[in-house]
Amino acid sequence: MKLKRLLAIAYKETLQIWRDPRSLAIALLMPLMQMGLLGYGVSLDVRHVALCVYDQENSQISRALVQDFASSNWFAVVRQLHNEAELRDAMDRSVCIGAITIASNFTRTLDSSGTASVQAIFDATDVNTTNIAIGYAQGVIALVTADFERNWLRMHGELAQTVGSVDLEPRVMFNEALDSRNFIIPGVVAVILGLVGAQLTSLTVSREWERGTMEQLISTPVTALELMIGKLMPYFIVGLVDAGFCLIAAIFWFRVPFRGAFGTLAATTMLYTLVVLGIGYLVSVRIRSQLGASQVALLLTMLPTTLLSGYTFPIDQMPHFVQMITYAVYPRYFVTILRAVFLKGSGLSELIGPILALVVFAVLIIRIAARSFHKRLDER
Amino acid sequence: MNSAQDEVVVRAHGLIRRFGSVVAVAGVNFDILRGEIFGLVGPDGAGKSTIMRMLAGVMGPDAGDIRLAGIDVVAEPERAKPYLSYMPQRFGLYEDMTVDENIFFYATLFEVPGPVRRERGAGLLEAAGLTPFRRRLAGQLSGGMKQKLGLVCALIHTPQVLLLDEPTTGVDPVSRRDFWGILYSLREQGVTIVLSTAYMDEAERCSRLALLHEGVVRYCDTPARLKQAMPGALLAVTPSPGTSARDVHAALIGAPCVLGLLLMGDHVNVRVDDAELRRADVAAWLIQHGIVNAEVCRIEPSIEDVFVALVGSQGKA
Ligand SMILES: Nc1ncnc2c1ncn2[C@@H]1O[C@H](COP(=O)(O)OP(=O)(O)O)[C@@H](O)[C@H]1O
Ligand SMILES: [Mg+2]
């Protein structure tokens, strides 16, 4: 293997990536878009969240509060409830996604202590919608509180410390912890990288066949290994940039707590990127049309990353034989790693199992890919 | 003749290559000497590209041997590759890279040192008339310039054998002249050139030709000796103004003295067994068939005439 030849291939590939701004934009923006889509689920645009109201007090102030919810674009008050049983029933039958309960002593508590609570109960089956709805409810309450404060100021001429504030006491049903987002988002990074990474490299060899540049290339002394490493190098950088985008979005946009070490994250991400690029390259070597290669790469990576990686469907709840299959699915190991690094702050030594699994995958796939490429026009 | 000149650089023996039921190359043998420009001549589908690919080591034969500078190309294609350059029929360079970038890329793959690359590159670009276009993307060059760039990239290292598959197809006359200028100077340097062509006029420039038809080399010799080998002699029939060569061609079909006919645009080439005897016969036949004042004279055959006479099929004019 000659370093200069390898670098010439890498340089050539970089030029070609750079000169094709559309593909580059897709390569860099697609992951962010997918991050948004998968991160928010389908409830990207949450409006008119169905809300039931159980107003036990039915006073002027409580009715005004309900009106504030109803007149916001975010909520639609679909039903007034009259007892706990109705509330339970409405939630069970998904009449609404959330319910607001105002206690019968709401006004009195507010007047005497200057602060009172409104209880909001949300159905957290759809974690994303619930998260957003809670955010909206807090927004409504914040406006109400500001109003109270203004009124209080007008009436009393001074602002006491705890006057007229209303608290929202969010409570969620069916998913008490409400940590699904934190649980899912790190996995989403693994899914996106798994899909995008394979797409990136799936075209690199098939493009040469399609454009007719391969015939001349294979008549030179370049070796299959030089070709593979040289071609993978620039995509490795692109893949890491993509991974960086997704991880930054997870930490700063979705605000998933990050408790681990940056080094652990970087090292494992590089390892996984290698596996994923290797898969795409393998497909690219085997299939000589660009369209075919990209579709096969998609088909090949879709099922393992989305369904079998355990990023949203917990592996321990899968049928036993499916669980067995997931051991052969590389994304599951990175989902495990990311979750542990993010939420538990695990270091390399605690992750030795999944890391070793990924190393095995990387070595296997790269070896197979390197051997699959023959400098021949025909397959013989 | 000294022994260095007689050195066989490329040897093909018993080459066979099938594609399914199609036999593209059906048992081909030839020896090519150092410094020769060896032409594979034949119509589309004759098997030229398949032979070129096997010589370049990018396709394996079903049977047969190829030796290139003493290396067994069939068994060890990778060992032969540093010594050869191959220009495929379809443009094989990167259209989204500039002239200079393509040259740099191929120079590096052949491990050409930087100073050598710069000096050789500048000289080749100058000879090809490409110096003003060094920063242009290859995809934005004309057909002729692309082929010349292909040649520059193929020659940026010093190959012992240069394999060119229909290098001048679709190339303008000026670029073709540049192209051949470079090939002749290469021959001086002892580079062995194998090129394929469907252009018969171009074939005349080669030092030796293999006339290829349906995967078989029918004749292999110098252009001059091939012409001598053509049975009979050639007459050119030029019609008087007002009569078309096509009518002459039509009229001569079926004439008993005619061995072969080739429509050449403004005249018709007629092959006969004896020039002096048959001139009168042909003129008489034409008058009988209503074509008067046609001029009939003896000419030297071109490779195309030879090909038609020997192989019985026509290439591209
Ligand atoms: N890759 C291929 N697959 C199937 N048939 C082929 C292939 N390459 C060439 N052939 C067939 O082999 C014959 C010779 O082709 P080729 O060597 O390309 O001829 P030429 O270059 O003289 O036009 C043709 O009949 C062609 O159709
Ligand atoms: Mg051809």
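Residues numbered from 1 in each chain as written. Chains lettered and ligands numbered in written order. Predicted model: local features only at pLDDT ≥ 70, side-chain atom pairs only at ≥ 80, totals over all residues. Heavy atoms only, no water.

*Asks:* Explain the sheet that holds strand β2 (residues 22-33) of chain B to me, please; I cannot follow it from the model alone.
*Replies:* Sheet strands pair via backbone hydrogen bonds, and the direction of the pair is either parallel or antiparallel. All names here are of chain B. Pairing within the open sheet is antiparallel, and its four strands lie in the order β2-β1-β4-β5. Looking at strand neighbours, the two that pair on one side only are β2 and β5 (71-72), the edges of this open sheet. Sheet topology note: the strand β1 (residues 8-19)/β2 ladder contains nine bridges and is antiparallel. Looking at the pairing, F19 lines up with V22 of β2. Across the face of the sheet, helix α1 (residues 48-56) comes into contact with β1, β2 and β4 (63-68) while running at roughly 60 degrees to β2. (Pairing = 2+ DSSP bridges. Helix = DSSP H or I, 4+ residues; strand = E, 2+ residues; numbered from the N terminus. Contact = heavy atoms within 4.5 Å. Axes fitted to C-alpha atoms, helices over the stretch in contact; angles between N-to-C directions.)

*Asks:* Teacher, can you tell me more about helix α4 (residues 114-128) of chain B here?
*Replies:* Note: α-helices contain 3.6 residues per turn, so residues at a spacing of three or four share the same orientation. All names here are of chain B. Here α4 contains 15 residues, and its C-alpha end-to-end distance of 21 Å stays within 8% of the 21 Å for a straight helix at 1.5 Å per residue. Buried within α4 we find R117, G121, L124, L125 and A128. Buried residues of α4 fall within an arc of 100 degrees about the axis and therefore sit on the same side. Opposite the packed face of α4, turned more than 90 degrees from it, sit the exposed residues P115, R118, E119 and E126. Lining the buried residues of α4 we find α3 (99-109), α5 (143-154) and α6 (173-188). Two residues or fewer after α4 comes G129, characterised by a positive phi angle close to 70 degrees. (Expected span 1.5 Å × (residues − 1). Buried < 20%, exposed > 50% of the residue type's maximum accessible area, 1.4 Å probe, protein only. Arc of directions from axis to C-beta.)

*Asks:* What should I look at first to understand the domain arrangement of chain B in this one?
*Replies:* Much of the literature gives interface size as the accessible area that the parts lose upon coming together. Residue and element names in this part refer to chain B. By domain assignment, chain B separates into domain 1 (4-227) and domain 2 (230-311). Listed per partner, the contact involves 15 residues of domain 1 and nine residues of domain 2. In this assembly, domain 1 packs against domain 2 so that about 1000 Å² is buried in total across both faces, 75% of it on carbon and sulfur atoms. Interface area lost by domain 1 to domain 2 is led by M200, L211 and K227, which between them contribute 50%. Taken together, the connections running from domain 1 to domain 2 amount to zero salt bridges. Applying the counting rule to domain 1 against domain 2 returns three residue pairs in polar contact (both at pLDDT 80 or more). Elements supplying a minimum of two residues to the side of domain 1 that touches domain 2: α7 (200-203), β9 (208-213), β10 (216-221) and α8 (223-229). The element best represented in the side of domain 1 that touches domain 2 is β9, accounting for four residues. Grouping the constituent residues of the side of domain 1 that touches domain 2 by class yields ten nonpolar, two polar and three charged. (Domains from an automatic or database assignment. Buried area = accessible area lost by both parts, 1.4 Å probe. Salt bridge = Lys/Arg side-chain N within 4 Å of Asp/Glu carboxyl O. Polar contact = N/O pair within 3.5 Å; in protein donor to acceptor, adjacent residues only side chain to side chain. Nonpolar A, V, L, I, M, F, W, Y, C, P; charged D, E, K, R; others polar.)

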